[in-house]
Amino acid sequence: MFNPNSAIDRIKNSLSYKLGFAILEHKKQHGGGYITLSYKLYKINQQHKKEQKLYKQTIKIFPQLTYLKVESCRDYNESIKYKYHFSYMLGEALIKAHKTWHKGGYFKLPSLLKEKYKLYKNIQNIINILPQNLHYHFYNSTIKNHKINIQDLIDILKQHKDYKPILENIFHNFDFFIKHFDLIRIWLSSKDFKEKYKQENHPYPSLLDPKKLNDQNEKINYKNIPAELAWEMNLPLPDNYKFVFLLIHGAGTTTMTRYLRICDINLNRHWGDPIFQYMDSYRLLMKCLGCYNAIILAGQVQQRHKNMVLKFYYLIQKIVPAICVVRDPISTLRPIVNHYGNLKHPKEQIRSDIDVYSNLNEIFDIKVPYAYPDIKGNPTLNTVKEYAYDKYGDFFILNLKINVIKNINKIFYISMDDILPGRSYKTLCDLSEKLGFKFPNDNELFYQKTNSSDYHVDLLFFPKRIHIRQGNSNIVLEITKQKKYSDEYIDCNNLFTISDFLLNEICLIVYAKRIDYDSLKHIIRDSFIVGFFLEYFDRLESFYLNERKKLINEKDMLMFMRKDKKIVLQYKEKFDREFAHLKQCRPDIVASWKYYQEFERMCKELDGN
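This is a predicted model, so every value here is computed, not measured. (Residues numbered from 1 in each chain as written. Predicted model: local features only at pLDDT ≥ 70, side-chain atom pairs only at ≥ 80, totals over all residues. Heavy atoms only, no water.)

(A) Region of interest: the overall build of the protein. When helices and strands are tallied, the protein shows 31 helices and 10 strands. Here the protein, with 609 residues, has 47% of them falling under the buried criterion. If you take every contact in the protein between residues at least 6 apart in sequence, the share linking residues at least 24 apart comes to 73%. Of the accessible surface of the protein, which amounts to about 32,800 Å², a share of 51% is contributed by carbon and sulfur atoms. On the protein, the mean spot of the 93 positive side-chain charges and the mean spot of the 68 negative ones are 13 Å from each other. (Helix = DSSP H or I, 4+ residues; strand = E, 2+ residues; numbered from the N terminus. Buried < 20%, exposed > 50% of the residue type's maximum accessible area, 1.4 Å probe, protein only. Contact = heavy atoms within 4.5 Å. Areas by Shrake-Rupley, 256 points an atom, 1.4 Å probe, with all protein chains shown as cover. Lys, Arg positive; Asp, Glu negative; His and termini not counted. Charge placed at Lys NZ, Arg CZ, Asp CG, Glu CD.)

Here's what the structure looks like:
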């Protein structure tokens, strides 16, 4: 029964559909010759006219019975495809021929029917390839608006019917694909695409030609494609980077990135999920055109991000060298086990401004928030076990990077020892010659000591401004680890502390404004003020030393592992996989790893038992 509120029924009740359906049924049932068919079609046409006439008369008297617009029907989206049933298309051709009978319309009917049938078959072929969720878009936009040649579309889809990754890319970005069809068709039919992606069965083929994307004279290039869309279309990173930094978590990342930036090398941020890292890299490369850029890759991946990180690596396609700072793997566990809990940072408890009358008990009543603490809030050896089983993600992914990023033409391995104070400057000079970046200045940062536990405490106490208020005057001292190069300030460490630990290991500096210096020398004769600073610096030194005692070291970890053979085997498998390439290229570095050699001996002992 006809339902006027159904878009599907409305299309099926159209003259085009009824005529076409009658022709197909007549042929199917072998219902007689052309005379019989012509009579059937004549009767259908007459009946349709009567129904239309009756409908118009009815709504003239009862306008409330007017049908909804077909677009307002609930099944409108589903109904679109019925206009591309062969019944409807056949009826359309017949009506067109009849309307132009005086211009030879019926003589043109056979060729028109052939054209309609070919279109119908092509549409069906495309529909069989397209995912269900794209059917409506295809019918309503692609065909209805005649945005592209259907034959060209079927050709390109058939051409790649056995290459699933590019079909998924096309379907995922169907609007963009249709809008820029001619450009994409040329790329997907090119020799470059075939050799670079299809023959290699590359899992993340680019929807656009990377060579053209890197050419700013092209209409569509990297500059006018946002990072979010670039990721969705599998576009490789823009090629204006010089090398890749294969980061290993716990192997001097903070130090090395600081050194590279001293040499005017632009680096992306290496935290966040892989999509964030890709987009941050993309935006950096677009922002820093003509600069010396490098891509740094995070040293850890969560299991839920494994597919995303693989995609990110596959989208690093320029042929470039890589650098990798490597460290005794037992030592790399140390900063992990003792890691600072950034999300637990007690910023509400930290007082950046205090005065000499402040209660020091309140100032120092604060704890370092470790990432993986025991019930007392201190680092725990149980973290060694948790990392063996990837509880916090996989931190041993160097081998993964090397295997996936195919275009790395050379890896420069750098021992952790070579970026320590005293050696780091020479290391960066040597690296600048190999990689062609700016020769580093003899910067004092190359000679500063770093210690993970000290860094934890630094976050709690630096910088600190101490106010000395007397009468209407207020002298402000800034205690920091960052040197000031302005003549406005003067270093007055000698007035407040002679602690070798604070001055030479922590590298603390007390600054005052130069204009206050003479007054300051007079004020600090006050025994109360002297007592405050003596106690402050004494407690600060004790805080650092107590925090160092909490840290877990390599010997602690090896003793812990020795008690559990399963943990040893877990790490053995990880280390063997992780350093396979390094052992081939730089066995000397591996041989220098004291704790790793002890670990290997422990493995042999356990095998013997």
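(B) Examining the sheet that holds strand β1 (residues 243–246) more closely. Strand order across the open sheet formed by 5 strands is β2-β3-β1-β4-β6, with parallel pairing between neighbours. Strands at the two margins of the open sheet, each flanked by one partner only, are β2 (266–267) and β6 (408–415). Where β2 lies against strand β3 (residues 293–297), 2 bridges are found, and the strand directions are parallel. Looking at the pairing, N266 lines up with N293 of β3. Across the sheet, helix α22 (residues 424–435) is in contact with β1, β4 (320–326) and β6; its angle to β6 comes to roughly 170°. (Pairing = 2+ DSSP bridges. Axes fitted to C-alpha atoms, helices over the stretch in contact; angles between N-to-C directions.)

(C) Region of the structure containing the packing of aromatic side chains. Inspection of the entire model under this criterion finds 42 aromatic pairs. Ring geometry for Y357 versus F528: centroids 5.3 Å apart, planes at 20°, classification stacked. Highlighted residues: Y357 in the loop between β5 (353–355) and α19 (360–363) and F528 in helix α26 (residues 527–550), separated in sequence by 171 residues. Ring centres of F532 and F533 lie 5.3 Å apart, and the angle between their planes is 90°; on these two criteria the pair is classed as edge-to-face. The pair F532 / F533 is uniform in exposure class, with both members buried. Taken together, the ring pairs in this structure connect F364, F461, F496, F532, F533, Y536, F537 and F543 into an aromatic cluster. Against the face of Y241 rests K318, its NZ or CZ located 5.7 Å from the ring centre. We note K484 situated over the ring of Y489; from NZ or CZ to the ring centre the distance is 4.7 Å. (Phe/Tyr/Trp six-rings, centres within 6.5 Å; stacked < 30°, edge-to-face > 60°. Lys NZ or Arg CZ within 6 Å of the ring centre and 35° of its normal.)

(D) Broad picture of the pattern of salt bridges. The tally for this structure, following the rule as stated, stands at 29 salt bridges. The partner of R269 in a salt bridge is D280, and the shortest N-O contact between them spans 2.7 Å. With a gap of 11 residues between them, R269 in the loop between β2 and α16 (274–287) and D280 in helix α16 connect regions that are remote in the sequence. Residue classification places D280 among the buried positions, given a relative accessible area of 11%. The salt bridge partner of K513 is E488, with a shortest N-O separation of 3.6 Å. A residue pair is termed long-range when its members are at least 10 positions apart, and K513 in strand β10 (residues 509–513) and E488 in the loop between β8 (473–480) and β9 (489–491) qualify at 25 residues. Take E488: its relative accessible area is 40%, and that puts it in the partly exposed class. (Salt bridge = Lys/Arg side-chain N within 4 Å of Asp/Glu carboxyl O.)

(E) How the structure looks around the nonpolar core. F177, L246, Y278, M561, Y571 and F599 are the most contacted members of the largest nonpolar core, which has 104 residues in total. Setting aside its immediate chain neighbours within four residues, Y571 contacts L333, V384, Y387, A388, F396, M561 and F599. In terms of nonpolar packing, the next biggest core, distinct from the first, is built from 40 residues, Y370, I490, I524 and F537 among them. (Core = buried A, V, L, I, M, F, W, Y, C linked by side-chain atoms within 4.5 Å.)

(F) The arrangement of the packing of helix α15 (residues 253–262) against α22 in detail. Packing of α15 against α22 leaves a shortest axis separation of 11 Å and a crossing angle of 55°. In this view, α15 runs oblique relative to α22, as classed from their interaxial angle. Here α15 and α22 pass one another in a crossing that is right-handed. Contacts from M256, Y259 and L260 of α15 reach α22 at S424, L428 and L431. (Parallel < 35°, antiparallel > 145°, perpendicular 65-115°, else oblique. Left-handed = near helix turned anticlockwise from the far one by under 90°.)

(G) Examining the sheet that holds β5 more closely. Spatial ordering of the open sheet is given by β5-β7-β8-β10-β9, a layout of 5 strands whose pairing is mixed. The open sheet has two free edges, formed respectively by β5 and β9, since each of these has just one partner strand. Across the sheet, the mean angle separating the axes of adjacent strands is 30° when strand polarity is ignored. The pairing of strand β7 (residues 464–470) with β8 spans 7 bridges and is classified as antiparallel. Its bridge partner being in β8, R465 is matched across the sheet by E478. The strands touched by α26 are β5, β7, β8 and β10; relative to β7, the strand with the most contacts, the crossing angle is about 165°.

(H) Molecular detail of helix α17 (residues 306–314). Taken together, the buried positions of α17 are occupied by V309, K311, F312 and Y313. Those residues of α17 that are buried lie in contact with α14 (227–232), α16, β3 and α21 (398–404).

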